[in-house]
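These are the residues of each chain, in order.
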Amino acid sequence: MSKHEEARQTMRRFTRITGFCLMLTLFAGLMSLPTAAATRLKFSTQGLGTSMYVYASTIAQIAEKYLPAGYAIDIETTGGGINGPMLVGAKKADIALANSAPANWVMNGEILGRPPAPGFRAIVGGMDRPFVVVIFTEQFVKKSGITSLEEIAARKYPVRVAIKTKGMLGEAAGEQILKAVGASYENIKSWGGSVTHAGSPEIVSMLRDNRADITIDHIPAGQASIGELSLTTAIRFIAISEKVRNELVKLGWEKTVMPKDTWSKQPEDKPTLSSSVVVVVREDLPADVAYALTKAICENKKTLVEAHASIQPFDPRTAWELEKCGVPLHPAAEKYYKDVGFMK
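Since the model is a prediction, treat every value here as computed from it, not as a measurement. (Residues numbered from 1 in each chain as written. Predicted model: local features only at pLDDT ≥ 70, side-chain atom pairs only at ≥ 80, totals over all residues. Heavy atoms only, no water.)

A. Inspection of the nonpolar core at higher detail. Grouped together as the largest cluster of nonpolar side chains are 53 residues, with contacts concentrated most on Val-124, Met-127 and Leu-293. In this view, Leu-293 contacts Ala-63, Leu-67, Ile-73, Ile-95, Ile-123, Val-281 and Leu-285; residues no more than four positions away in its chain are not counted. Grouped together as the second largest cluster of nonpolar side chains are 34 residues, Val-161, Ile-163, Leu-169 and Tyr-185 included. (Core = buried A, V, L, I, M, F, W, Y, C linked by side-chain atoms within 4.5 Å. Buried < 20%, exposed > 50% of the residue type's maximum accessible area, 1.4 Å probe, protein only. Contact = heavy atoms within 4.5 Å.)

B. Examining the packing of helix 12 (residues 287-298) against helix 15 (residues 331-339) more closely. Running from amino to carboxyl end, helix 12 crosses helix 15 at an angle of 50°, the nearest separation of the two axes being 8 Å. Regarding the angle of helix 12 to helix 15, the classification is oblique. Where helix 12 crosses over helix 15, the handedness of that crossing is right-handed. Contacts between helix 12 and helix 15 involve Ala-287, Ala-290, Tyr-291, Thr-294, Lys-295 and Cys-298 on the former and, on the latter, Ala-332, Ala-333, Lys-335, Tyr-336, Tyr-337 and Asp-339. For the contact of helix 12 with helix 15, the residue count by class is eight nonpolar, one polar and three charged. (Axes fitted to C-alpha atoms, helices over the stretch in contact; angles between N-to-C directions. Helix = DSSP H or I, 4+ residues; strand = E, 2+ residues; numbered from the N terminus. Parallel < 35°, antiparallel > 145°, perpendicular 65-115°, else oblique. Left-handed = near helix turned anticlockwise from the far one by under 90°. Nonpolar A, V, L, I, M, F, W, Y, C, P; charged D, E, K, R; others polar.)

C. A look at the side chain of Thr-294. Here Thr-294 is to be found in helix 12. Other than its neighbours up to four places away in sequence, Thr-294 contacts Ile-123, Val-124, Ala-333, Tyr-336 and Tyr-337.

D. How the structure looks around helix 11 (residues 242-249). Here helix 11 has its buried residues at Val-244, Arg-245 and Leu-248. All buried residues of helix 11 project into a common sector of 100° when viewed along the axis, lining one side. Here the buried face of helix 11 lies against helix 6 (149-155), helix 7 (169-181), strand 10 (254-258) and strand 11 (270-274). (Arc of directions from axis to C-beta.)

E. Broad picture of the packing of aromatic side chains. Applying the stated criterion across every chain yields a total of six aromatic pairs. Between Phe-136 and Phe-140, the aromatic rings sit 5.3 Å apart at their centres with planes inclined by 85°, giving edge-to-face as the arrangement. For the pair shown, Phe-136 and Phe-140 are each scored as buried. Measuring from centroid to centroid gives 5.6 Å for Tyr-291 and Tyr-336, while their planes differ by 80°, and the two rings are edge-to-face. With a gap of 45 residues between them, Tyr-291 in helix 12 and Tyr-336 in helix 15 connect regions that are remote in the sequence. Overall, Tyr-291 belongs to the partly exposed group, its relative accessible area being 23%. Site record: aromatic cluster; members linked through ring pairs are Phe-136, Phe-140 and Tyr-157. (Phe/Tyr/Trp six-rings, centres within 6.5 Å; stacked < 30°, edge-to-face > 60°.)

F. Focus on the pairing of strand 12 (residues 277-282). The buried fraction of strand 12 amounts to six of the six residues, a majority that puts the element mostly inside the structure. Here five bridges tie strand 3 (residues 95-99) to strand 12, and the two strands are oriented antiparallel to one another. Pairing of Ala-96 across the sheet is with Val-280, part of strand 12. By the bridge criterion, four bridges tie strand 4 (residues 120-124) to strand 12 in an arrangement that is antiparallel. (Pairing = 2+ DSSP bridges.)

G. Expanded view of helix 10 (residues 224-232). Where helix 10 is concerned, the buried positions are Ser-225, Ile-226, Gly-227, Leu-229 and Ser-230. On its buried face, helix 10 is in contact with strand 5 (131-137), helix 9 (200-208), strand 8 (214-219) and strand 9 (235-237). By the N-cap criterion, in which a side-chain oxygen at the helix start approaches the backbone nitrogen of a residue two or three places on, helix 10 is capped by Gln-223, the distance to Ser-225 being 3.1 Å. (Polar contact = N/O pair within 3.5 Å; in protein donor to acceptor, adjacent residues only side chain to side chain.)

As structure tokens, this is what we get:
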């Protein structure tokens, strides 16, 4: 064999070896890349800048360390109210944030006048603690002598109600409470009274200017409009009777007490209602995923509160209770609460 031929063969062997080594290197590099999640869970929540968005994004970050291999969470902004549980019930989302009462309404259908959407379950409830506030102006009390909602109905008094616009949870609370005492919107109007739907600033203005007598809303402590009203106008916070509270618990509301001095001009504790934030998931979400999500939320209250202070009232020990969830638990969430001794 000539020297020229030997050189050619040597070069071919070198090329083959080099190519093989490059293939090994490429293969090793591909193996070392992070594996993309095979299953991406859609988490439905309100838009950027809302407290619900902060809740959802923080939960998603925490859950990464707990979810089974191959799972990841994508945040999707789909609006508030009933949208989240409806999307989960329709299997268009896997996880959602909702308030406990609207979640109950979506599941059962009757209140919303829509077909029931039962395809979801709760995993964690009671993530915050807003309050239903019933407010009378002192001018109204002085003029009428009325100090309870029941008296309005008993006397068929032509009360002037200022309340949130339709579709807001505060408006739904007001309508349901007034109906429960026998003072439905229709009744109030038939007695010569009025019901005006408006935003918070206009409601405050109407009460301050004696263009309305009462309002009902569902708000967290420190909400700006009611805070301003309590500082600038003579008002009275009214307790919700036990009978009415029992009626509304059937609709998914939770009994609570608004501590004294939550607001200016509120010197006493007031029995009231709440519809706290609940995390709901598809009823067919795999058990290991639902368990991991429940565990992640319940074991990381400190991180959640650091993200948003309104989560401070959250108590994992009671997060399973029906009053806090509004709807039944996912079986895997129930297993978690029993495993840690929170639920018997």
